[in-house]
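Observations on the three-dimensional arrangement
Now for the letters of each chain:
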Amino acid sequence: MIKMRVYINSKQGIIDPAGKAIRLGLLNLGYNDTKQVNCGKIIDIEFNHDNAEKAKIETKDMCEKLLANPNMENYSFEIIEREAHI
Amino acid sequence: MKACVVQFAGSNCDLDTKHVLENVFDIETDLVFHKDRLEKKYDAIFIPGGFSYGDHLRPGAIARFSPVMEDVINQANEDRLIVGICNGFQVLCETKLLPGVLLRNKHMHFICDDVNLTTSNRISGKLSKEVITLPIAHMDGNYFARPGTLKNIVENDQIFLRYSSKDGDTSRDHNPNGSSLNIAGITNEKGNIYGMMPHPERASETELGNRDGQELLKAIFESFGGL
């Protein structure tokens, strides 16, 4: 079993109202030293096999086809759990 | 003329759109479920407003992979008239039938309001007034496209609706959601695909106090060769 974690964030220069709102909340809490907050998404995908190469190729394909919109978002991913089938 | 309205899980303006097409325009209109295939018998295909698939991931992103959308894409490329309203506009952008993307509104609020709109050359000659008023109701209507794309859609006269004052001033002061160039509606380069955030189907009957939506839809039909 392989578990992949996908990170999706707004590209530089794209308006991120959620990040802006969170930063305002932090300011209200007294954290005056934040410069910028970017609010993204995390998507965990569990595969039913332990072929890391296959999982990486498929995850990249999933990101490009559906999970991220290249107009406004960047993506990255990493394997967070790995368990060989016995 | 025969039209259809596509129904996704979460569409909620499908019946309003069908009602207006049938009762205001006298167009025979079918509902087509997202899991069904789209027969090639429709002159106009409407993608209605709502929250397809709960707006999860990004509005319109998951609807794009419905079986019916494969046929919508094929028929769009065969120059059929496609009209996407609100969530329908988001679906058309995610499908890449229209350029750009609809981001979250600049001020994070869901906006439900009447807005004034100016229209482009391809529409304005067919309307009785220069500025029309239509309702908007959305959370993600902030149109964004890269500078090169924006330049192209301006040069090709693809922007057919822009947020404005009641006098037609399209400065940032009259921009409700942060859209680039106050864009409320665009067409594709060929001019057979229309996407807009305002809801013309909610302003097409005297009983609702505003018929500007009827005028706009009529102008779209006329720009496409009439009913």
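Not measured: the values here are computed from a predicted model.

**Remarks on the packing of aromatic side chains**
For any pair of aromatic rings, geometry is given as the distance between the ring centres together with the angle between the planes. In total, this model carries 5 aromatic pairs over all chains according to the counting rule given. Measuring from ring centre to ring centre gives 6.4 Å for A:Tyr75 and A:Phe77, while their planes differ by 5°; the resulting arrangement is stacked. With a relative accessible area of 25%, A:Phe77 lands in the partly exposed category. Taking the centre distance of 6.3 Å and the plane angle of 70° together, the rings of B:Phe46 and B:Phe221 count as edge-to-face. In this pair, B:Phe46 sits in strand β3 (residues 44–47) while B:Phe221 sits in helix α6 (residues 212–223), placing the two residues 175 residues apart along the sequence.

**Observations concerning the interface of chain B and chain A**
Where interface size is given, it is often the accessible area lost as the parts come together that is meant. With 17 residues of chain B at the contact, the number on the chain A side is 16 residues. With both chains or domains summed, chain B and chain A bury close to 1,400 Å², and 64% of this area falls on carbon and sulfur atoms. In terms of surface lost to chain A, no three residues of chain B exceed B:Leu57, B:Arg58 and B:Arg146, which account for 38% of the buried area on that side. Counting across the chain B and chain A interface gives 1 salt bridge. A salt bridge links B:Arg58 to A:Glu73, with the shortest nitrogen-to-oxygen separation between them at 3.5 Å.

**Comments concerning the UniProt feature "active site" (unreviewed entry) in chain B**
Residues and elements named next belong to chain B. In this structure's numbering, the residues bearing the UniProt feature "active site" (unreviewed entry) are Cys86, His199 and Glu201. Spatial clustering of the annotated residues is evident: they stretch over 116 residues in sequence, but the largest pairwise C-alpha distance comes to 11.0 Å. By the element assignment, Cys86 lies in the loop between β4 (81–85) and α3 (87–94). Non-local contacts of Cys86, meaning those with residues more than four positions away in its chain, are made with Gly49, Ala137, His138, Met196, Met197 and His199. Positionally, His199 belongs in the loop between β11 (193–196) and α6.

**A few points about the pattern of salt bridges**
Residue and element names in this part refer to chain B. Per the counting criterion, the structure on display carries 23 salt bridges over all chains. For Arg58, the salt bridge identified is with Glu94, shortest N-O distance 2.8 Å. Highlighted residues: Arg58 in the loop between β3 and α2 (67–77) and Glu94 in helix α3, separated in sequence by 36 residues. Close ionic contact of Lys151 with Glu155 constitutes a salt bridge, the shortest N to O distance being 3.3 Å. Of this pair, Lys151 and Glu155 both sit in helix α5 (residues 147–155), separated by 4 residues, roughly a single helical turn. Glu155 matches Lys151 in its accessibility class, with the two residues each being exposed. Salt bridges linked by common partners bring Lys2, Glu28, Asp30, Glu39 and Lys41 together as one network.

What counts, and where the lines are drawn
Residues numbered from 1 in each chain as written. Chains lettered and ligands numbered in written order. Predicted model: local features only at pLDDT ≥ 70, side-chain atom pairs only at ≥ 80, totals over all residues. Heavy atoms only, no water. Phe/Tyr/Trp six-rings, centres within 6.5 Å; stacked < 30°, edge-to-face > 60°. Buried < 20%, exposed > 50% of the residue type's maximum accessible area, 1.4 Å probe, protein only. Helix = DSSP H or I, 4+ residues; strand = E, 2+ residues; numbered from the N terminus. Contact = heavy atoms within 4.5 Å. Buried area = accessible area lost by both parts, 1.4 Å probe. Salt bridge = Lys/Arg side-chain N within 4 Å of Asp/Glu carboxyl O. UniProt positions renumbered as here; feature names shortened; annotations may be inferred.

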